[in-house]
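Here is how the chains run, residue by residue.
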Amino acid sequence: MLRQERVVINEIRPQLECGTFYIKRVVGEQVLVSADILPDGHDVMQAEVLYKHASARTWKEVRMRELINDRWEGGFEVTKQGFYDYKVRGWVDYALNWQHGIEAKLKDGQHVRSELLDGIQYLDFVKSKVSGADKTFVVNLISLFGAEASYDEAIGGATSEQLCDLFIRYPQRILANTSKTLRVYVDRRKANFSTWYEFFPRSGAREAGDHGSFKECERLLPRIAEMGFDTVYLPPIHPIGEVNRKGKNNTTEAQEGDSGVPWAIGSKYGGHREIHPELGSESDFKAFIRKAKTYGLEVAMDLAFQAAPDHPYISQHPEWFRKRPDGTIQYAENPPKKYQDIVNFWFESSDYKALWKELLEVTLKWVGFGVAVFRVDNPHTKPYYFWNWLITEVKKAHPDVLFLAEAFSRPRVMQQLAKQGFCQSYTYFTWREHKAELIEYMVELTQTEMREYYRPNFWPNTPDINPYHLQGAGEAMHLIRYALAATLSGNLGIYGPVFEYMVTEPVPNKEEYLNSEKYEIRHWDWDIKNKLTHVISRVNAIRKEHPALQQTNNIRFCGMGNDQLLAFYKWDDTRSDQLLIIVSLDPGHTQQGHVQLPLDEIGPGANGRYEMYDLMTHTTYQWETEWNYVALNPDLPFHIFQIK
Ligand SMILES: O=P(O)(O)O[C@H]1O[C@H](CO)[C@@H](O[C@H]2O[C@H](CO)[C@@H](O)[C@H](O)[C@H]2O)[C@H](O)[C@H]1O
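Reading the values: the criteria
Residues numbered from 1 in each chain as written. Predicted model: local features only at pLDDT ≥ 70, side-chain atom pairs only at ≥ 80, totals over all residues. Heavy atoms only, no water. UniProt positions renumbered as here; feature names shortened; annotations may be inferred. 1 Å grid on protein atoms, 1.4 Å probe; cavity = no way out; pocket = protein on both sides within 12 Å on 5 of 7 lines; lining within 4 Å. Helix = DSSP H or I, 4+ residues; strand = E, 2+ residues; numbered from the N terminus. Buried < 20%, exposed > 50% of the residue type's maximum accessible area, 1.4 Å probe, protein only. Contact = heavy atoms within 4.5 Å. Points joined across faces, edges and corners; volume = space filled by probe spheres on them. Nonpolar A, V, L, I, M, F, W, Y, C, P; charged D, E, K, R; others polar. Near = heavy atom within 4 Å. Polar contact = N/O pair within 3.5 Å; in protein donor to acceptor, adjacent residues only side chain to side chain. Areas by Shrake-Rupley, 256 points an atom, 1.4 Å probe, with all protein chains shown as cover. Core = buried A, V, L, I, M, F, W, Y, C linked by side-chain atoms within 4.5 Å. Pairing = 2+ DSSP bridges.

**Q** What's the story with the UniProt feature "active site" (unreviewed entry) in the protein chain in this structure? I'm lost.
**A** UniProt marks Asp 377 and Glu 406 with the feature "active site" (unreviewed entry), using the numbering shown here. Their sequence span is 30 residues, while the largest C-alpha to C-alpha distance among them is just 5.3 Å; these annotated residues converge on one region. Here the residues from the annotation list that line the second largest pocket are Asp 377 and Glu 406. Within the secondary structure, Asp 377 is located in strand β17 (residues 373-377). Judged by its relative accessible area of 7%, Asp 377 is buried. For Asp 377, the contacting residues outside a window of four places in its chain are Trp 263, Asp 302, Leu 303, Ala 304, Gln 306, Lys 382 and Glu 406. Residue position: Glu 406 is located in strand β18 (residues 402-406). Glu 406 has contacts with Arg 375, Val 376, Asp 377, Asn 378, Pro 379, His 380, Tyr 426 and Asp 464, leaving out every residue within four places of it along the chain.

**Q** Hey, could you run me through the layout of surface pockets in this one?
**A** Leftover empty space is mapped by rolling, across the atoms, a probe with the size of a water molecule. The space that makes up the largest pocket amounts to roughly 950 Å³. In this structure, the largest pocket is lined by 34 residues; those nearest its centre are Glu 29, Gln 30, Gln 551, Asn 554 and Asp 573. Of the residues belonging to the lining of the largest pocket, the class tally is eleven nonpolar, eleven polar and twelve charged. Taken together, 32 residues form the lining of the second largest pocket, with Lys 337, Tyr 339, Asp 464, Glu 512 and Lys 518 sitting closest to its centre. Counting only elements with at least two residues in the lining of the second largest pocket, the list comes to β16 (337-344) and β17. Among the elements that line the lining of the second largest pocket, the one with the most residues is β16, at six residues. A breakdown of the residues in the lining of the second largest pocket according to their chemical character gives twelve nonpolar, eight polar and twelve charged.

**Q** Would you mind going over the site of the ligand with me for this structure?
**A** The ligand sits among 19 residues. The nearest are Lys 337, Tyr 339, Asp 341, Asp 377 and Asp 464. Separating an oxygen atom of the ligand from a side-chain N or O atom of Tyr 339 is a distance of 2.4 Å. At 3.0 Å, a side-chain N or O of Arg 375 approaches an oxygen atom of the ligand. Its free accessible area being 540 Å², the ligand has 98% of it covered by the protein chains. Looking at the shell around the ligand, the elements that each hand over two or more residues are β16 and β17. Broken down by element, the residue count for the shell around the ligand peaks at four residues, all from β16.

**Q** Is there a simple way to think about the nonpolar core in this case?
**A** Within soluble globular proteins, side chains that are nonpolar generally end up buried alongside one another. Ile 37, Phe 199, Phe 285, Phe 374, Phe 403 and Leu 488 are the most contacted members of the largest nonpolar core, which totals 151 residues. Residue contributions to this core peak at nine residues, all from helix α14 (residues 475-488). The residues contacting Leu 488, other than those within four sequence positions of it, are Phe 429, Leu 438, Met 442, Phe 458, Thr 552, Ile 555, Phe 557, Phe 568 and Lys 570. Listed in part, the 24 residues of the second largest apolar core include Ala 95, Leu 123, Phe 137 and Leu 166.

**Q** What am I meant to see in the environment of Leu 106 here?
**A** Structurally, Leu 106 is set in helix α1 (residues 94-107). The exposure class of Leu 106 is partly exposed, given its relative accessible area of 26%. Taking the C-alpha atoms as reference, Leu 106 lies 72 Å from Thr 462; in sequence the two are 356 residues apart. Apart from residues lying up to four places away in sequence, Leu 106 is in contact with Val 112, Tyr 151, Ile 155 and Thr 159.

**Q** Before we go on, may I ask you to explain the sheet that holds strand β3 (residues 30-39) in this structure?
**A** Strands belonging to one sheet form pairs held by backbone hydrogen bonds; the direction of such a pair is parallel or antiparallel. Ordered by their spatial adjacency, four strands build an open sheet running β1-β3-β7-β6, and the pairing between neighbours is antiparallel. Both edges of this open sheet fall to β1 (7-13) and β6 (65-66), since each of them pairs with a single strand only. Where β3 and strand β7 (residues 71-77) come together, seven bridges link them in antiparallel fashion. Residue pairing across strands places Ser 34 opposite Glu 73, the latter belonging to β7.

**Q** Is there a simple way to explain the UniProt feature "domain: Glycosyl hydrolase family 13 catalytic" (unreviewed entry) in the protein chain in this structure?
**A** The feature "domain: Glycosyl hydrolase family 13 catalytic" (unreviewed entry), as annotated in UniProt, sits at residues 198-543 in this numbering. Split by type, residues 198-543 is 33% helix and 13% strand. Its first and last C-alpha atoms lie 19 Å apart.

Encoded structure:
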């Protein structure tokens, strides 16, 4: 179709896959839109970003400014959860073009009498829009333009800033071109900033040998809150399968009394809608959630869409499981891992709609209990379009709900899950140890398109991953890994007691914990508070006080003449909070070197000085030069400096 337009709009950023997927923001963030916008010829043009919340009727306009090389930019703030639409509009601005032409001709000494007459049409348009002093100004100009005697005065008015300002405020947008509409989904702030503590409630009993319960676990909540965590994540809390139950240390045959794996969901006591009887009742769980809330904690549940062989679904809905020719159902796998105690749902079954509906209802049941954060187990082994559908459906009525994708899969697969709607994602941080690889990974997360849709959640450990660098490691290594996670990423989590108490004994030659809580109930002396407990608490308090640490994308690595020291600068959107973080990657020795302040970012210091206030030790250093000496030892292997 032939369209009458004077400008072309190309290369709009941000957008994902030509708008197939939405970008993400949290409430209060900016969406900075840029595009190549080109008029034919050399006429003056204008452009704007149009945006509106999906629930609004009218579009808001924000004018774009020209950068260089026909690139334009304009931004808007998102203030409400849910979808926003945005698009770009550009037009040749005949009025401004006229004014610009007059100025150029006058500079060249030309007489512009006929141009003034020509301009009356633009003034007439503005006149129809304004009132009061503006109207008086325009009416007066029109009469000046038409009268030969007032030529000088007319020129003054024609080239005035006042008129330029009116043209900008009341554009005619003749033959404008508008781009396609793109979308941004706005989550609550927690999507960007959250601090997770994972523990197995069955290990929360007071007495060793007892099965923990929600009631007993309530006493742990103040402790977790005092440490500065805001999310308590519980592995699955449903009845655990008894058929093919796994034993301790991942043995495939359970012994009498073995408690099985929480992810093997479903038994004669029920499935995903029920609670494991020994943990308590539904009202106990509700009370636990309520109690957590009083301490500022949210309870995150695990969505593990799979079934133990004795899950009620297997007899009630055999069509939801794919049978082999011999009538059996293949157990699940995530090669090379074997999950002999569970089977997968058949997401492609002819009755898939009923299965999907059931899984949505399961999710909504727990949302109804007050759960608004889910860690989703193994999402990469289910169809992308299922997650897209489920997340969309839940968020329609419950925009607060957040989904964390537990996929340690191929990079593109993890990215795809985030594009399909997951609000946060696990990452490869757990395996990034060296300075160069940490920088490379952070640059990928924060300087590429990933920053628009992939919200990383950094975990130093999980029940599944006892990384080699933590095996046998002491306090310093744990401090390093926590400090890195807590300052590099807005979202972080630890598999709590094991990390805090530095329980690192592995299954030989594996990144697995020996005597893992996945397969047996453990008992922890939660009264113990060690140095790690205190340092973690302090770091979490700093995170809460400093907006620069409440997002991931504002980061710049700094020059540092030592490969064992990682230095980076972080800031908040207003630059009222600016931090310099230096982490030693060496748990065994003191490391020293000179760090380069990013002067072009932080600007000149008062009296040529920068006051560096260490938020960990409450010590102040006066730095007067660009390169400054630092030394870190294993006692406290990091600095978090506030730049004053
Ligand atoms: O496959 P992933 O690495 O994503 O791991 C997640 O899913 C696993 C399956 O749910 C889960 O594995 C645990 O539960 C299984 C089912 O009971 C059991 O067979 C495995 O031995 C056990 O590790 C894993 O914990 C979870 O993070």
